[in-house]
Amino acid sequence: MMKIDFAKYADGLVPAVVQDFHTAKVLMLGFVNEESYKKTEETGLVTFFSRSKQRLWTKGEESGNHLQVRQILVDCDNDTLLIKADPKGPVCHTGADTCWSERNHKDDFLYYLEDIIKLRRGSNDETSYVKKLFGKGINKIAQKVGEEAVEVVIEAKDVNRDLFLGEAADLLFHYLILLQAKDCSLEDVVNVLQQRHQPK
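About the cut-offs
- Residues numbered from 1 in each chain as written.
- Predicted model: local features only at pLDDT ≥ 70, side-chain atom pairs only at ≥ 80, totals over all residues.
- Heavy atoms only, no water.
- 1 Å grid on protein atoms, 1.4 Å probe; cavity = no way out; pocket = protein on both sides within 12 Å on 5 of 7 lines; lining within 4 Å.
- Points joined across faces, edges and corners; volume = space filled by probe spheres on them.
- Pairing = 2+ DSSP bridges.
- Helix = DSSP H or I, 4+ residues; strand = E, 2+ residues; numbered from the N terminus.
- UniProt positions renumbered as here; feature names shortened; annotations may be inferred.
- Expected span 1.5 Å × (residues − 1).
- Buried < 20%, exposed > 50% of the residue type's maximum accessible area, 1.4 Å probe, protein only.
- pLDDT = per-residue confidence, 0-100.
- Patch = residues over 30% accessible without salt bridge, like charges linked within 9 Å, V, L, I, M, F, W, Y side chains within 5 Å.
- Areas by Shrake-Rupley, 256 points an atom, 1.4 Å probe, with all protein chains shown as cover.
- Salt bridge = Lys/Arg side-chain N within 4 Å of Asp/Glu carboxyl O.
- Axes fitted to C-alpha atoms, helices over the stretch in contact; angles between N-to-C directions.
- Contact = heavy atoms within 4.5 Å.
- Domains from an automatic or database assignment.
- Parallel < 35°, antiparallel > 145°, perpendicular 65-115°, else oblique.
- Left-handed = near helix turned anticlockwise from the far one by under 90°.

1. Things to note about the layout of surface pockets
In this structure, the largest pocket spans a volume of roughly 310 Å³. Forming the boundary of the largest pocket are 16 residues, of which Trp-57, Lys-59, Val-91, Cys-92 and His-93 lie nearest the centre.

2. Quick notes on the pairing of strand 6 (residues 81–87)
Sheet topology places strand 1 (residues 14–20) next to strand 6; 5 bridges connect them, and they run parallel. The partner of Gln-19 across the bridge, within strand 6, is Lys-84. Note that strand 5 (residues 67–74) and strand 6 share 7 bridges and pair antiparallel. Across the sheet, residue Val-69 finds its bridge partner in strand 6, namely Ala-85. The loop that links strand 5 with its antiparallel partner strand 6 comprises 6 residues; one of these, Asn-78, has a positive phi angle of about 60°.

3. A look at the UniProt feature "domain: Phosphoribosyl-AMP cyclohydrolase" (unreviewed entry) in the protein
Using the residue numbers shown here, the UniProt feature "domain: Phosphoribosyl-AMP cyclohydrolase" (unreviewed entry) corresponds to residues 28–100. Secondary structure content for residues 28–100 is 14% helix and 38% strand, and the end C-alpha separation is 8 Å.

4. Points about helix 5 (residues 161–181)
The end-to-end C-alpha separation of helix 5 is 30 Å, in line with the 30 Å expected for 21 residues at 1.5 Å each. Of all the residues in helix 5, the buried ones are Glu-167, His-174, Leu-176, Ile-177, Leu-178, Leu-179 and Gln-180. Phi for Asp-183, located one or two positions after helix 5, is positive at around 55°.

5. Considerations on the confidence of the model for the protein
Averaged over every residue, the pLDDT of the protein is 93; residues scoring 70 or more account for 98%. For the protein, per-element mean pLDDT is lowest for helix 2 (residues 108–122), which scores 88, and highest for helix 4 (residues 138–156), which scores 98.

6. Notes on a nonpolar patch on the surface
A surface patch of nonpolar side chains, amounting to about 280 Å² of accessible area, comprises Val-26, Leu-29 and Trp-100. Tracing the backbone shows Leu-29 in strand 2 (residues 26–32). For Leu-29, a relative accessible area of 46% gives the class partly exposed.

7. Some points on the sheet that holds strand 5
Read from one edge to the other, the open sheet built from 4 strands follows the order 2-1-6-5, with strand pairing classed as mixed. Looking along the sheet, the strands with just one partner apiece sit at the ends: strand 2 and strand 5. On average, each strand axis in the sheet is tilted by 25° relative to the strand beside it, whichever way the strands run. Relative to strand 2, strand 1 is paired through 6 bridges, and the arrangement is antiparallel. The partner of Pro-15 across the bridge, within strand 2, is Phe-31. Across the sheet, helix 1 (residues 34–43) lies against strand 2, strand 5 and strand 6, angled at about 125° from strand 5, the strand it touches most.

8. Here we look at the domain arrangement of the protein
By domain assignment, the protein separates into domain 1 (14–87) and domain 2 (109–197). Averaged C-alpha coordinates put domain 1 and domain 2 at centres separated by 35 Å.

9. A few points about unusual backbone geometry
For Ala-24, which is not glycine, the phi torsion reads 65° and is therefore positive. Since its relative accessible area comes to 30%, Ala-24 is described here as partly exposed. Positive phi outside glycine occurs at Asp-183, with the angle close to 55°. Its location among the elements puts Asp-183 in the loop between helix 5 and helix 6 (186–196).

10. Quick word on the environment of Leu-56
Among the structural elements, Leu-56 can be located in strand 4 (residues 55–58). The sequence separation of Leu-56 and Tyr-37 amounts to 19 residues, and the corresponding C-alpha distance is 9.8 Å. Those residues in contact with Leu-56, other than ones at most four positions away along the chain, are Asn-33, Glu-35, Ser-36, Lys-39, Thr-47, Phe-48 and Phe-49.

11. Things to note about the packing of helix 4 against helix 5
Between two packed helices, what matters for the description is the angle formed by their axes and the separation of those axes. Packing of helix 4 against helix 5 brings their axes to within 9 Å, and their N-to-C directions diverge by 160°. Classified by the angle their axes make, helix 4 and helix 5 are roughly antiparallel. Note that helix 4 runs across helix 5; the crossing there is left-handed. In this structure, helix 4 uses Ile-138, Ile-141, Ala-142, Lys-144, Val-145, Glu-148, Ala-149, Glu-151, Val-152, Glu-155 and Ala-156 to contact helix 5, whose residues at the interface are Leu-163, Phe-164, Glu-167, Ala-168, Asp-170, Leu-171, His-174, Tyr-175, Ile-177, Leu-178 and Ala-181.

And the structure:
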């Protein structure tokens, strides 16, 4: 067991923040005691101690919307957990993706990646690929997008799915860089697509 200070609080409960392993979206907050922590480790399903029910409670035990554990981290004071999990359906009892009624889908990772690119662009890390690419200017960034697009076309004519997906990921990553170089965002592009969309 990790060094978790369950005795720090009188009730033996430590807060546990649950985060989507893929999107990094915060899903919910619960409380864990030593027994529920052990059950979480044994079953691979996030299990809390319910203060209202006064018993162990595995998330999704009634709805089936379990939280499959991917990683558990303890903070610097050893009194708070960060549980990274795969949600098997909506997390909130209201039916929302999160307990803050936020949308949580895998495509949100693109917005997260966009933020990472922004951070790397403004960082002082001269070894960062993103930082160096921005330093070469818009022409080099646009050229790189063109090169990646050609690679996608080449792989599209072949039958190797993994190579095609790898090149598609490279193109999408550099496209996000190009958007930022033009002071545009993924949301700007989505807005244009939504305006063009004509539902029947």
